[in-house]
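# Summary of the model geometry
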Amino acid sequence: MIYQRFTEETVDEKGRLTGISFHPPEHFNFAFDVMDELGRTKPDERAMVWLSEAMEERVFTFGDFKRESSRAAHYFANMGIGKGDVVMLVLKRHYQFWFAVLALHKLGAIVIPATNQLMKKDFVYRFNAARVKAIVCTCDGTVADEVDLAMAESPTVELKICVNGERPGWRSFDAEYGAFPGEFPRPAPEEAPDNEDPMLMFFTSGTTGYPKIAAHSFTYPLGHVVTARWWHNNRPGGLHFTISDTGWGKAMWGKLYGQWLCEDCIFTYDFDRFDANKILPLFAKYHITTFCAPPTMYRFFIKEDLSRYDLSSLVYSNTAGEALNPEVFRQWKAATGLTLMEGFGQTETTLTVGNLLGAEPRMGAMGKPSPQYDVDIVDENGRSCVPGAVGEIVIRTDRGKPCGMFIGYYLDEALTKEAWHDGMYHTGDTAWRDEDGYFFFVGRTDDVIKSSGYRIGPFEIESVIMEHPSVLECAVTAAPDPVRGQVVKATIVLARGYAPSEELKKEIQQYVKKNTAPYKYPRIVEFVEELPKTISGKIRRVELRQEAQK
Ligand code: ATP
Ligand code: MG
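So, how was this worked out
- Residues numbered from 1 in each chain as written.
- Chains lettered and ligands numbered in written order.
- Predicted model: local features only at pLDDT ≥ 70, side-chain atom pairs only at ≥ 80, totals over all residues.
- Heavy atoms only, no water.
- Helix = DSSP H or I, 4+ residues; strand = E, 2+ residues; numbered from the N terminus.
- Buried < 20%, exposed > 50% of the residue type's maximum accessible area, 1.4 Å probe, protein only.
- Contact = heavy atoms within 4.5 Å.
- Core = buried A, V, L, I, M, F, W, Y, C linked by side-chain atoms within 4.5 Å.
- Pairing = 2+ DSSP bridges.
- Axes fitted to C-alpha atoms, helices over the stretch in contact; angles between N-to-C directions.
- UniProt positions renumbered as here; feature names shortened; annotations may be inferred.
- Salt bridge = Lys/Arg side-chain N within 4 Å of Asp/Glu carboxyl O.
- Domains from an automatic or database assignment.
- Buried area = accessible area lost by both parts, 1.4 Å probe.
- Polar contact = N/O pair within 3.5 Å; in protein donor to acceptor, adjacent residues only side chain to side chain.
- Nonpolar A, V, L, I, M, F, W, Y, C, P; charged D, E, K, R; others polar.
- Near = heavy atom within 4 Å.
- Areas by Shrake-Rupley, 256 points an atom, 1.4 Å probe, with all protein chains shown as cover.
- Phe/Tyr/Trp six-rings, centres within 6.5 Å; stacked < 30°, edge-to-face > 60°.
- Lys NZ or Arg CZ within 6 Å of the ring centre and 35° of its normal.

Under an unreviewed UniProt entry, the protein has the name AMP-binding protein and belongs to Bittarella massiliensis.

As C-alpha cells, then:
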C-alpha cells in the first residue's frame with residue numbers, strides 16, 4: 001500500500017498495531033505524492049463508485065482523478081487562485097468535490113468543506129471568520145441563493161463558481177474546467193507549501209456552541225493511515241462506505257485520504273435525506289465490504305427489520321461521533337454478526353481512541369488510545385487519573401505534535417491557547433479508564449450533571465434508557481432544582497407504535513432505578529417528537545439545558 005512509503009509501523013505477534021511513525025518528504029502533497037502517483041501506476045483501478053440521488057452510477061479510476069484534478073487545478077489557477085488562498089466547497093457528495101479538493105491541494109490553497117444546509121447568516125460568519133476568497137458551491141437547492149444574500153456582508157469573497165448548473169454572476173465549473181490540460185506539473189520547492197502550512201480547515205460541528213475553525217496541515221492526510229488501515233480495515237480490493245456529508249470532518253476520515261492511502265475504493269451515495277430503507281439495499285447491490293456511520297444512523301437501522309436485507313458482503317463496521325449505547329452494539333451484532341468497532345476523535349484530530357483491528361471491544365468502552373497519540377485522562381490539576389476516576393481526555397504534545405493533529409484554530413490564538421497549553425491539548429470530553437486501559441466515555445465537560453453532590457455523566461443513563469423497547473432516542477441533561485442544585489432530566493423520542501403517557505414515564509423511571517444506581521434516575525421525563533441536533537446529526541444537549549432554565 002502506498003502509505004508504507006511514508007510511515008513505519010510496528011505490530012505485535014497477533015498483527016495488531018503497536019506503534020507508528022511518519023516520515024513524509026519535504027513539501028509532501030497528497031494530491032501529487034499519492035493520487036497522481038496512483039494515477040500513474042494504477043490508472044485503471046477503480047477509486048470510487050459514485051451514485052447520484054437518482055441512483056445513476058459512475059465509476060472513477062485513479063487515472064480519472066489524476067486527470068480531472070489536473071484540469072480543475074489549471075482552471076482554478078487561471079482565475080487567480082493560488083497558494084494560501086482560502087476556498088470554501090459546498091458540494092454535498094457530488095463527485096466534483098473530489099476533483100476540486102485534489103486540485104486545490106495541487107495549488108497549495110486552503111480548502112474549507114462546508115455543508116449545504118448553511119443559511120445566509122452562517123455564510124456571513126464563515127466567510128468573514130476564515131477570510132474566504134472563493135466559493136465553489138452546488139447549484140441545486142437554495143444554497144447558492146443563500147451565498148448571494150451573504151455577499152453584501154462578505155467583502156473577502158471575490159469568486160463564485162457553481163457546479164451542476166449555470167447561474168448569473170457565477171462561473172460554471174462543469175462547462176469550463178474540462179477544456180484545460182489533464183496534466184498539472186508540481187510547483188518548484190520554493191513555491192510549494194511546507195509540510196506544516198495549512199491545507200484544510202473545518203468548522204467543528206457546533207454541538208456546544210459556535211463552530212470553531214480547526215486548521216490542518218499538509219501532513220494531515222497521513223494522520224488517517226491509522227483511521228483507515230487499522231480502524232476501518234481498508235485495503236486494496238474492498239469497497240468502503242462512510243455515510244458522512246463532505247461538509248463534516250468525518251468525511252475526511254472515511255471518504256478521502258486514508259482510503260486512498262490504503263488503495264481501497266470509496267463508495268459514495270449522494271443522497272439528500274437519510275432514509276435507512278434506501279441505504280440498506282446498497283450493501284448487497286454493490287458488495288460494500290466496510291462501513292462507518294454515527295451511532296444515530298445505527299439506531300435508525302436497528303429499528304428496521306434488518307432480516308429483509310442482505311448485509312453479508314460486510315466484513316467490518318465502525319462508528320464514531322457520539323457515544324455508542326451498548327444496546328445498539330448488541331442489536332447490530334444480533335442482526336449482522338458484526339462487532340461494531342467504535343472510535344473516538346474530533347475534527348481537531350484523527351482517530352484518537354478506538355477499537356483498532358484485532359482488538360476485543362469491551363461493552364460500553366470506546367476502545368484504547370491509538371499508538372499515534374499520547375492520550376491521557378487528567379484531573380483539574382493536570383495530573384494523570386488512576387483507573388476508575390473520571391477526568392478530562394487530553395493529548396500530550398510535550399514531545400511534539402502528532403501527525404494528524406490540527407495546527408490550531410485559524411486566526412484565533414486565544415481560543416487555541418484555551419484548549420492547548422502546557423504541552424497538553426484538552427479535548428473537552430470526560431472519561432475514565434479501567435485497569436486494562438479501556439476508555440469509557442462519560443460526557444462533554446459541559447454536559448456533566450451535578451446533583452446533590454454527585455457528578456453524573458449523561459451517557460451512562462442514556463444507555464440504560466435506550467434499552468427500554470419504547471425508546472428510539474433520548475438525551476439526558478441537567479434541569480435546575482432548588483434543593484439538589486440540578487436534577488436529571490430525560491428527553492425521549494418514542495419508537496413507532498408507542499404513545500406518551502404517565503404510565504410509560506413511570507415505567508421508564510422504574511427501569512432506570514432498577515438498572516443503575518438509583519440516584520441517577522431521571523426525576524423529570526419529557527416526551528418529544530424529535531431532539532435538537534446539529535446539522536451533522538449530533539444531539540445538542542446544550543439546547544435542552546437552556547430550555548430547562550427558562
Ligand atoms: P463543537 O466542538 O463545535 O461543539 P463537536 O465537538 O461535536 O462540535 P466534532 O469535532 O464533529 O464537533 O465532534 C467531536 C466530538 O464528538 C468529541 O469531542 C466527542 O464529544 C464526540 N465523540 C466523538 N466520538 C465519540 C465517541 N466514540 N464517544 C463519545 N463521544 C464521541
Ligand atoms: Mg468539539
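With that settled, the discussion passes to the overall build of the protein. For the protein, the helix and strand inventory stands at 17 helices and 29 strands. When its C-alpha atoms are laid out on the principal axes, the protein stretches across 70 × 55 × 50 Å. The proportion of buried residues among the 550 residues of the protein is 61%. The long-range fraction of contacts in the protein, counting pairs at least 24 apart against all pairs at least 6 apart in sequence, stands at 68%.

Let us now look at the nonpolar core. Among the nonpolar cores identified, the biggest contains 75 residues, and Phe65, Phe76, Ile81, Leu89 and Trp260 are the most heavily contacted of them. Per element, the largest residue contribution to this core is nine residues, and it comes from helix α3 (residues 96-107). Excluding anything up to four places from it in sequence, Ile81 contacts Phe76, Val87, Leu104, Leu107, Ala109, Ala134 and Leu159. Counting residues in each nonpolar core, the second largest holds 52 residues, with Phe267, Phe283, Tyr309 and Ala490 among its members.

Across the sheet, nine strands lie side by side as β4-β3-β13-β12-β14-β15-β16-β17-β18; this open sheet has mixed pairing. Each of the sheet's edge strands pairs with one partner strand only, and the pair in question is β4 (57-61) and β18 (368-369). Where strand β14 (residues 290-292) meets strand β15 (residues 316-319), three bridges bridge the pair, whose relative direction is parallel. Pairing of Phe291 across the sheet is with Ser317, part of β15. Relative to β15, helix α7 (residues 220-232) is tilted by about 130°, and along the sheet it contacts β12 (239-242), β14, β15 and β16 (340-344).

Our next topic: the UniProt feature "domain: AMP-binding enzyme C-terminal" (unreviewed entry) in the protein. Per the UniProt annotation, the sites labelled "domain: AMP-binding enzyme C-terminal" (unreviewed entry) are residues 460-538. In residues 460-538, helix accounts for 27% and strand for 32%; the two terminal C-alpha atoms are 17 Å from one another.

Close approach of charged atoms allows side chains with opposite charge to pair. As enumerated under the stated definition, the model contains 43 salt bridges in all. We note a salt bridge from Glu460 to Lys520, for which the minimum N-O separation is 2.8 Å. Of this pair, Glu460 sits in helix α15 (residues 458-466) while Lys520 is found in the loop between α16 (502-515) and β29 (524-527), placing the two residues 60 residues apart along the sequence. Of the residues examined, Glu460 reaches a relative accessible area of 42% and is grouped as partly exposed. Its relative accessible area of 10% is what places Lys520 among the buried residues. The residue Glu526 makes a salt bridge to Lys489 at a minimum N-O spacing of 2.9 Å. Taken as a pair, Glu526 in strand β29 and Lys489 in strand β28 (residues 485-494) lie far apart in primary sequence, 37 residues in all. For Glu526, a relative accessible area of 36% puts it in the partly exposed group. One connected set of salt bridges, linked through shared partners, spans Asp64, Arg67, Glu68 and Arg71.

Take the sheet that holds β28 next. If you trace the three strands from one edge of the open sheet to the other, you get β27-β28-β29, paired in mixed fashion. Each end of this open sheet is capped by a strand with a single partner; those strands are β27 (471-481) and β29. On average, each strand axis in the sheet is tilted by 25° relative to the strand beside it, whichever way the strands run. Where β27 meets β28, 10 bridges bridge the pair, whose relative direction is antiparallel. For Cys474, the partnering residue across the bridge sits in β28 and is Ile492. The sheet strands contacting α15 are β27 and β28, and the helix crosses β27 at an angle near 140°.

This brings us to the domain arrangement of the protein. Here the protein is described as being made up of domain 1 (62-218) and domain 2 (449-549). Relative to domain 2, the C-alpha centre of domain 1 lies at a distance of 41 Å. On the domain 2 side, the residues contacting the eight residues of domain 1 number seven residues. A combined buried area of about 530 Å² lies between domain 1 and domain 2, and 54% of that area is made up of carbon and sulfur atoms. For the domain 1 face of the interface with domain 2, the top three residues by lost area are Gln117, Ser205 and Thr207, together amounting to 70%. Our count for the domain 1 to domain 2 interface comes out at zero salt bridges. Counting across the domain 1 and domain 2 interface gives one residue pair in polar contact (both at pLDDT 80 or more). Partitioned by chemical class, the residues of the side of domain 1 that touches domain 2 number one nonpolar, seven polar and no charged.

Turning to the site of ligand 1, a few remarks are in order. Neighbouring ligand 1 are 21 residues, the closest being Thr207, Thr208, Thr347, Asp429 and Lys538. In this structure, an oxygen atom belonging to ligand 1 sits 2.7 Å away from a side-chain N or O atom of Ser205. Within the contact set of ligand 1, a nitrogen atom lies 2.7 Å away from a backbone nitrogen or oxygen of Gly343. Calculation on ligand 1 without its partners gives an accessible area of 630 Å², and the protein chains cover 95% of this total. Elements supplying a minimum of two residues to the shell around ligand 1: β16 and β24 (439-444).

To continue, consider the packing of aromatic side chains. On inspection of all chains with the given rule, the structure shows 42 aromatic pairs. On the basis of an interplanar angle of 50° and a centroid distance of 5.3 Å, the ring pair of Tyr269 and Phe271 is categorised as tilted. By relative accessible area, Phe271 is classed as buried at 6%. Plain terms: the ring middles of Phe406 and Tyr425 are 5.3 Å apart, the flat faces sit at 70° to each other, and that makes the pair edge-to-face. With Phe406 in the loop between β20 (391-396) and β21 (408-409) and Tyr425 in strand β23 (residues 424-433), this residue pair connects regions lying 19 residues apart in the sequence. The class for Tyr425 is buried, based on a relative accessible area of 1%. Through successive ring pairs, a cluster of aromatic residues spans Trp50, Phe60, Phe62, Phe65, Tyr75, Phe76, Tyr95, Phe99, Phe173, Tyr177, Phe180 and Trp260. Here the guanidinium or amino end of Arg93 rests over the ring plane of Phe271, the centre of that ring lying 4.1 Å away. Above the ring of Phe203, the side-chain terminus of Arg126 is found at 4.8 Å from the ring centroid.

The next subject is the UniProt feature "domain: AMP-dependent synthetase/ligase" (unreviewed entry) in the protein. Sites flagged by UniProt as "domain: AMP-dependent synthetase/ligase" (unreviewed entry) map to residues 40-410. The span residues 40-410 is 29% helical and 22% strand by assignment, and the distance between its end C-alpha atoms comes to 35 Å.

Within the secondary structure, Ser312 is located in the loop between α12 (295-302) and β15. For Ser312, a relative accessible area of 62% puts it in the exposed group. Between the C-alpha atoms of Ser312 and Leu340, which are 28 residues apart in sequence, the distance is 15 Å. Here the side chain of Ser312 touches Asp310 through a polar contact of 2.6 Å, side chain to side chain.

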